[in-house]
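Chain by chain, the residues run as shown.
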Amino acid sequence: MAQSAAPAPAAAPALTPVSLRAIAPWAAFFGLLMLVLLYFVGAEQGAVALVSGETVHEWVHDGRHLLGFPCH
């Protein structure tokens, strides 16, 4: 029995390289987004607050403890 029950493997598609120019705007956007998120988790409702009240503090309270930021 020379025949196999498994189908023959398909040829892998050719990979095309992605240039740094295509990735740079997305990397800058997500880097800025992460810095804003880090600010709200780590510093908002501290010495500098952009939003008055305790709303932001309550939303990110557990994240602060998870990342090691003291908040109380």
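Just so you know, these numbers come straight off a predicted model, no measurement behind them.

Reading guide: rules and limits
Residue positions are given per chain, counted from 1 along the sequence in the order it is written. Residues qualify for local features only when their pLDDT is at least 70, as the model is predicted, and side-chain atom pairs are given and counted only at 80 or more; totals for whole chains, interfaces and linings, by contrast, use all residues. Side-chain metrics in this entry use all non-hydrogen atoms of the structure; hydrogen atoms and water are not considered. In this text, helices come from DSSP runs of H or I with a minimum length of four residues, and strands from runs of E with a minimum of two, each type numbered from the N-terminal end. Three exposure classes are used, based on accessible area relative to the maximum for each residue type with a 1.4 Å probe and protein chains only: buried under 20%, partly exposed in between, and exposed over 50%. Any two residues having at least one pair of non-hydrogen atoms within 4.5 Å are treated as being in contact. Calculation of accessible area relied on Shrake-Rupley with a 1.4 Å probe; when residues are assessed, cover is drawn exclusively from the protein chains displayed. Multiplying 1.5 Å by the residue count of a helix minus one yields the expected span of that helix. Any pair of Phe, Tyr and Trp rings, taking the six-membered ring for Trp, is counted once the centres come within 6.5 Å. Such a pair is stacked with planes under 30 degrees apart, edge-to-face with planes over 60 apart, and tilted for the rest.

1. Focus on the overall build of the protein chain
Here's step 1: Across its full length, the protein chain holds two helices and zero strands.
Here's step 2: Expressed as a percentage of the 72 residues in the protein chain, the buried residues total 10%.
Here's step 3: Long-range contacts, defined as pairs at least 24 residues apart, comprise 15% of the intrachain contacts of the protein chain with a sequence gap of at least 6.
Here's step 4: As presented, the protein chain carries roughly 6400 Å² of accessible surface, and 71% of it is formed by carbon and sulfur atoms.

2. Considering helix 2 (residues 55-67)
Here's step 1: Compared with an ideal rise of 1.5 Å per residue, which puts 13 residues at 18 Å, helix 2 spans 19 Å between its outermost C-alpha atoms and is within 8% of the ideal.
Here's step 2: Along helix 2, the residues that are buried comprise V56, H57, V60, H61 and R64.
Here's step 3: The elements touched by buried residues of helix 2 are helix 1 (20-42).
Here's step 4: Backbone geometry just downstream of helix 2 places G68 in the positive-phi region, at approximately 90 degrees.

3. Considerations on the packing of aromatic side chains
Here's step 1: Going through the model one piece at a time under the given rule, you end up with two aromatic pairs.
Here's step 2: Relative to F30, the ring of W26 has its centre 6.2 Å away and its plane inclined at 25 degrees; by these criteria the two rings are stacked. Placement of both W26 and F30 in helix 1 is noted, with a separation of four residues, approximately one turn of the helix.
Here's step 3: Given a relative accessible area of 55%, W26 falls into the exposed group.
Here's step 4: On the accessibility criterion, F30 (42% relative accessible area) is partly exposed.
Here's step 5: Centroid distance F29 to F30: 5.1 Å. Interplanar angle 70 degrees. Geometry classified as edge-to-face.
Here's step 6: Clustering of aromatic rings is evident, with ring pairs tying together W26, F29 and F30.

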